[in-house]
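Single-letter residue listing:
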Amino acid sequence: LQWGHASAAWKTSVSSETLAKMFRQTSYKGIWHAIAANPRTPSEILEELFRLDGGYKFALASNPSATPKLLARLFSENVGDYDVCKAIAANPSTPPDILERIARVALEQNDLWSSVLANVAGNPNAAVETLKAIASNRRFTQLYITINLAGNHKGDETLIRHCLTRFNDKDWVGADALLYNPDTPDELRKEVLMKILAASDARRQHLPELLADPSF
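Summarised in this report is the structure supplied together with it.

Quick notes on the overall build of the protein chain
When its secondary structure is counted, the protein chain shows 16 helices and zero strands. Put simply, the protein chain has 216 residues, and 45% of those count as buried. Across the protein chain, the fraction of contacts at a sequence separation of at least 24, relative to all contacts at a separation of at least 6, is 59%. Carbon and sulfur atoms provide 54% of the accessible area of the protein chain, an area that totals close to 10,900 Å².

Here is the structure:
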C-alpha cells in the first residue's frame, strides 16, 4: 500500500489536496520524498518538509513550486552542497538575488561547479550583471556555459559579442542559440549569419533552413 501511495505521490496529475492529505496521513519517507518533489504540492507542505530535515533538500530545491523564500533558505543552509546549488540554479522560481549568490559561490569552486554556472546562465531570472560576471570569468569557459548565455543574453550587446567570439566553425549549437534568441538585435543576428556563410560547406548547407524560419 505504501509503495502504491509513493507511486501516486510522484504523479503531477494528483491534486494538491490529495498530496496534502497523503502527507498528513503517513510518515513513510518514500512518500514524503515524492511529495517534496511534486510541483502540485502546496507551498505550506513544502515548508514543513524543509523543517523536518529528512533528506528532502534536493527534491525541494528542484521543485518549481518552492517559494523564493524557501529556495533562499535552502541555499543559505547548503551553500557548499553542489547538488542542491545546481538544482536551485536551474529552478525557474529562483529569484535573481539568489542566482547571483549561487554564481558567486560557484565561481570560487572547482571545475565541477561549471554545471552550476551553466544552470545560472540559462535561468531566465538571472540578472544581466550576474550573466556578465559568469561570461567575464577566465577559468570557467566551458562551451555549454556560453551556449546558455547565448540563449539568455537579454539583448545585452556585451554578452552577445562575448558569445559570438567563442563560437567557431565547430561550435554552431551556440550560434543557433544566438540566432533563435528573440532578444538578439537584427544587426548582430546578421553578424552571426555572416559567420555561418564563412563556415564549412556542411554548415552552409544548413543556412537555407535558418533563413526559412519565420523568426528571421
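We are not done yet, so read on.
Describing the side chain of Asn-63
With respect to the helices and strands, Asn-63 occurs in the loop between α5 (57-62) and α6 (68-77). Overall, Asn-63 belongs to the buried group, its relative accessible area being 0%. For Asn-63, the side chain forms a polar contact with the main-chain oxygen of Ala-36, separated by 2.9 Å. Ignoring any residue separated from it by four or fewer positions in sequence, one finds Asn-63 in contact with Ile-35, Ala-36, Ala-37, Asn-38, Pro-39, Leu-46 and Asn-91.

A look at the packing of aromatic side chains
In this description, an aromatic ring pair is defined by two values, namely the gap between the centres and the angle between the planes. According to the stated counting rule, one finds three aromatic pairs in the structure shown. Aromatic pair Phe-23 and Trp-32: ring centres 5.1 Å apart, planes at 40 degrees, arrangement tilted. A relative accessible area of 5% means that Phe-23 is categorised as buried. Between Tyr-82 and Trp-113, the aromatic rings sit 5.8 Å apart at their centres with planes inclined by 75 degrees, giving edge-to-face as the arrangement. Here Tyr-82 is found in helix α7 (residues 82-90), whereas its partner Trp-113 is found in the loop between α8 (96-106) and α9 (114-122), with 31 residues between them in sequence. There is no split in this pair, since Tyr-82 and Trp-113 are both buried. Three or more aromatic residues joined by ring pairs form one cluster here, namely Phe-23, Trp-32 and Tyr-56.

Examining unusual backbone geometry
Here the phi dihedral of Lys-154 falls at roughly 60 degrees; this positive angle occurs in a residue that is not glycine. Tracing the chain through its elements places Lys-154 in the loop between α11 (143-150) and α12 (157-166). Exposure remark for Lys-154: the relative accessible area of 31% places this residue in the partly exposed category.

What about α9?
Of the positions making up α9, those classed as buried are Ser-114, Val-116, Leu-117, Ala-118, Val-120 and Ala-121. Those residues of α9 that are buried lie in contact with α7, α8, α10 (128-136) and α11.

Some words on the side chain of Thr-94
The residue Thr-94 is located in the loop between α7 and α8 in this model. Look at Thr-94 and you get buried, because its relative accessible area is 0%. Here Ile-88 takes part through its backbone oxygen, which lies 2.6 Å from a polar atom of the side chain of Thr-94.

What to know about the environment of Glu-48
Among the structural elements, Glu-48 can be located in helix α4 (residues 43-52). Among the residues examined, Glu-48 registers a relative accessible area of 22% and is labelled partly exposed. Spatially, the C-alpha atoms of Glu-48 and Phe-23 are 9.9 Å apart, while their sequence positions differ by 25 residues. The contacts of Glu-48, once residues within four sequence positions are left out, are Phe-23 and Arg-24.

Quick notes on the packing of α11 against α12
Running from N to C, α11 and α12 cross one another at 140 degrees; their axes reach a closest spacing of 9 Å. By the angle class used here, α11 and α12 are oblique. Seen from above, α11 lies across α12 with left-handed handedness. Here Leu-143, Thr-146, Leu-149 and Ala-150 of α11 come into contact with α12, specifically with Leu-159, His-162, Cys-163 and Arg-166. In the contact of α11 with α12, the residues fall into five nonpolar, two polar and one charged.

Structural notes on the packing of α7 against α8
The contact between α7 and α8 brings their axes to 10 Å, and the two run at 140 degrees. If you check the angle between α7 and α8, you find them oblique. Crossing of α7 over α8 shows left-handed handedness. On α8, the residues touching Cys-85, Ile-88 and Ala-89 of α7 are Ile-98, Leu-99 and Ile-102. Residues that form the contact of α7 with α8 fall into these classes: six nonpolar, no polar and no charged.

Parameters at a glance
Residues numbered from 1 in each chain as written. Predicted model: local features only at pLDDT ≥ 70, side-chain atom pairs only at ≥ 80, totals over all residues. Heavy atoms only, no water. Helix = DSSP H or I, 4+ residues; strand = E, 2+ residues; numbered from the N terminus. Buried < 20%, exposed > 50% of the residue type's maximum accessible area, 1.4 Å probe, protein only. Contact = heavy atoms within 4.5 Å. Areas by Shrake-Rupley, 256 points an atom, 1.4 Å probe, with all protein chains shown as cover. Polar contact = N/O pair within 3.5 Å; in protein donor to acceptor, adjacent residues only side chain to side chain. Phe/Tyr/Trp six-rings, centres within 6.5 Å; stacked < 30°, edge-to-face > 60°. Axes fitted to C-alpha atoms, helices over the stretch in contact; angles between N-to-C directions. Parallel < 35°, antiparallel > 145°, perpendicular 65-115°, else oblique. Left-handed = near helix turned anticlockwise from the far one by under 90°. Nonpolar A, V, L, I, M, F, W, Y, C, P; charged D, E, K, R; others polar.

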